[in-house]
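The chain contents come next:
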Amino acid sequence: MSTSEPAITTGTARTHRLRIVEVVAETPDARSLVLEPSPESAPRFAHRPGQFLTLRLPGADGPVARCYSLASSPHTGEPLKVTVKRVAGGYGSNWVCDHLAAGDEVEALPPAGTFTPGSLDHDLLLVAGGSGITPVLSIAKSVLAAGTGRIVLLYANRDETSVIFRDELRALTAAHPGRLLVVHWLESLQGLPVPDRLAAALAPYAGREAFVCGPAPLMDAVEQALRTLGAPGGRIHRERFFSLSGDVFDTPAPAAATAPATDIREGAATREATGAVTVELDGETRTVAWPPSAPLLDALLAAGVDAPYSCREGACSACTCRVVTGEVRMVRNEVLDDRDLADGYVLACQALPLTDRVEITYS
Ligand SMILES: Cc1cc2nc3c(=O)[nH]c(=O)nc-3n(C[C@H](O)[C@H](O)[C@H](O)COP(=O)(O)OP(=O)(O)OC[C@H]3O[C@@H](n4cnc5c(N)ncnc54)[C@H](O)[C@@H]3O)c2cc1C
Ligand code: FES
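Residues numbered from 1 in each chain as written. Chains lettered and ligands numbered in written order. Predicted model: local features only at pLDDT ≥ 70, side-chain atom pairs only at ≥ 80, totals over all residues. Heavy atoms only, no water.

Student: I'm lost on the environment of Arg322 in this one. Help?
Tutor: Take Arg322: it is sitting in strand β14 (residues 320–325). Classification of Arg322 by relative accessible area gives partly exposed; the value is 28%. Taking the C-alpha atoms as reference, Arg322 lies 9.1 Å from Ala348; in sequence the two are 26 residues apart. Those residues in contact with Arg322 that lie beyond four places of it in its chain are Asp343, Gly344, Tyr345, Glu359, Ile360 and Thr361. (Helix = DSSP H or I, 4+ residues; strand = E, 2+ residues; numbered from the N terminus. Buried < 20%, exposed > 50% of the residue type's maximum accessible area, 1.4 Å probe, protein only. Contact = heavy atoms within 4.5 Å.)

Here it is as structure tokens:
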């Protein structure tokens, strides 16, 4: 790592240091980092296929947060791996590709995200564009290794040189004949993947639950194609890539800190005149005050609950939890889809209480 650039600084209570075991040049503009947590941190890095890490990168004005999906599968015994594709003019992706080498360490928040299949035994349709292959590959490998589902993967790229994981996909197809079909879509040969042409390609698989990750125009086109084919919206899951803007590593004083945030476990102090939320997290159940104007996440942090989060902008899903009883409303939601909402999932960083008593779970 160059010393003339901002250096990795030692982190926060929320981050864990991961050793970079290997850097793999996947394509001319994409690098994979193979990562190893310390034995103490390893349990926090258990993950589900399709989840992402948030890396803490050094910036001129303080740490910069960038999310990278895990391309590795938790079901194959392989080490953690993220793959970063350079974005023209982008800071974080180019910093990672230019500066990190085997033997370095990088800080990261534990895995998060809801772009993950409910079952590995269902047939799935996966669609990826460019670096959007990372979570999709993790899902495909997991289904093939630990489930019984069949996979069709449509993978769109500009041209042949930009296809990440080509050899790995070829090997997977050979190892699982009849269970994995990879359809490459090269814009240089086939033109842009527009809805009507996608509909023709995807028609035989439109009944399957779909996981789509790539540039917004591709995801829009795929959704439009699948809806034209009669696929219900709730079965189409999208993962949107974007850059976090704030410093998600420091825990700013939560809004609820100024409001009563007494831990009101049974028998503890009397609750102030405010609502309360009972939260189940990591096998522990606590009840804490939840002032009406405070986002749920702030109320939990103010009471010392180690609730997960990343962007605090309603955009990444790291803070997702499920309402068991009571009602909440979300100020902003860019990630949960209709099916998630119907299942009671909410973003803690955006949730405000509508009832005096709410019970939520992170399990
Ligand atoms: C859940 C999730 C998973 C992700 N997984 C992956 C993954 O697996 N692999 C991957 O490669 N990426 C992934 N990303 C995207 C990644 O987090 C970054 O957004 C990406 O690497 C670009 O970051 P950057 O710092 O290089 O670009 P940024 O510096 O954020 O810039 C992005 C774009 O904005 C432009 N820009 C920047 N500043 C300005 C400005 N002031 N005015 C105008 N334009 C500007 C840049 O030119 C560039 O085109 C993921 C994102 C999320 C949310
Ligand atoms: S922390 Fe990102 S959506 Fe809540």
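We are not done yet, so read on.
Student: Just checking my understanding: could you explain the site of ligand 1 for this structure?
Tutor: The full set close to ligand 1 counts 22 residues, and Arg66, Cys67, Gly92, Ser93 and Ser243 are the nearest of them. With respect to ligand 1, the backbone of Ser69 contributes an N or O atom lying 3.1 Å from a nitrogen atom. Within the backbone of Thr83, one N or O atom sits 2.8 Å away from a nitrogen atom of ligand 1. Look at ligand 1: alone it shows 970 Å² of surface, and the protein chains cover 68% of it. Those elements that provide at least two residues to the shell around ligand 1 are β4 (64–69), β5 (80–85) and α1 (92–99). Top contributing element to the shell around ligand 1 by residue count: β4, with 4 residues. Grouping the amino acids of the shell around ligand 1 by side-chain chemistry returns 9 nonpolar, 9 polar and 4 charged. (Near = heavy atom within 4 Å. Polar contact = N/O pair within 3.5 Å; in protein donor to acceptor, adjacent residues only side chain to side chain. Areas by Shrake-Rupley, 256 points an atom, 1.4 Å probe, with all protein chains shown as cover. Nonpolar A, V, L, I, M, F, W, Y, C, P; charged D, E, K, R; others polar.)

Student: What's the story with the pairing of strand β7 (residues 124–129) in this structure? I'm lost.
Tutor: Successive side chains on a regular strand alternate, one facing one side of the sheet and the next facing the other. With respect to burial, β7 is a largely interior element, 6 of its 6 residues being buried. Alternating residues of β7 divide into Leu124, Leu126 and Ala128 and Leu125, Val127 and Gly129, and every residue in both groups is buried. Both β7 and strand β10 (residues 209–213) contribute to a ladder of 5 bridges, which runs parallel. When the bridges of β10 are listed, Ala128 appears paired with Cys213. As judged from the 6 bridges shared by β7 and strand β8 (residues 151–157), these two strands associate in the parallel manner. Bridged to Ala128 within β8 is Tyr155. At this point the chain moves from β7, through helix α2 (residues 133–146), to the parallel β8, and the crossover so formed is right-handed. (Pairing = 2+ DSSP bridges. Right-handed = clockwise from strand over helix to strand, strands pointing away.)

Student: What should I look at first to understand the pairing of strand β3 (residues 52–57) in this one?
Tutor: Among the 6 residues in β3, 6 count as buried, and that is most of the element. Burial along β3 is two-sided: Phe52, Thr54 and Arg56 facing one way and Leu53, Leu55 and Leu57 facing the other are all buried. Sheet topology places β3 next to β4; 6 bridges connect them, and they run antiparallel. Within the sheet, the bridge partner assigned to Arg56 lies in β4 and is Ala65. Count of turn residues in the β3/β4 antiparallel hairpin: 6 residues, of which Gly62 carries a positive phi of about 120 degrees. The pairing of β3 with strand β6 (residues 105–112) spans 4 bridges and is antiparallel. Note on β6: the bridge partner recorded for Phe52 is Ala112.

Student: Looking at this structure, how should I read α1?
Tutor: In an α-helix, one turn spans 3.6 residues; hence positions three or four apart end up facing the same way. In terms of burial, α1 is largely enclosed, as 7 of its 8 residues are buried. Within the span of α1, buried status applies to Gly92, Ser93, Asn94, Trp95, Val96, Cys97 and His99. In the core, the buried residues of α1 are packed alongside β2 (30–37), β3, β4 and β5.

Student: What is the right way to read the nonpolar core from this model?
Tutor: Grouped burial of nonpolar side chains is what soluble globular proteins tend to show. Membership of the largest hydrophobic core comes to 28 residues, with the highest contact counts inside it found for Val277, Trp290, Leu296, Leu300, Ile360 and Tyr362. Broken down by secondary-structure element, the contributors of at least two residues to this core are β12 (275–281), β13 (284–290), α7 (296–302), β14, β16 (345–347) and β18 (357–361). With sequence-adjacent residues up to four places away left out, Leu300 is seen in contact with Val277, Val279, Val288, Val305, Ala307, Ile360 and Tyr362. In terms of nonpolar packing, the next biggest core, distinct from the first, is built from 27 residues, Ala71, Leu126, Ala140 and Val143 among them. (Core = buried A, V, L, I, M, F, W, Y, C linked by side-chain atoms within 4.5 Å.)

Student: Help me understand the packing of aromatic side chains, please; the structure alone is not making it clear to me.
Tutor: Any aromatic ring pair is given by two values, namely how distant the centres are and how the planes are angled relative to each other. All chains considered together, the criterion is met by 1 aromatic pair. Ring geometry for Phe115 and Phe211: centres 5.4 Å apart, planes at 75 degrees, overall edge-to-face. You can see Phe115 sitting in the loop between β6 and β7 and its partner Phe211 sitting in strand β10, a full 96 residues away along the chain. For Phe115, a relative accessible area of 2% corresponds to the buried category. The buried category is assigned to Phe211, whose relative accessible area is 0%. (Phe/Tyr/Trp six-rings, centres within 6.5 Å; stacked < 30°, edge-to-face > 60°.)

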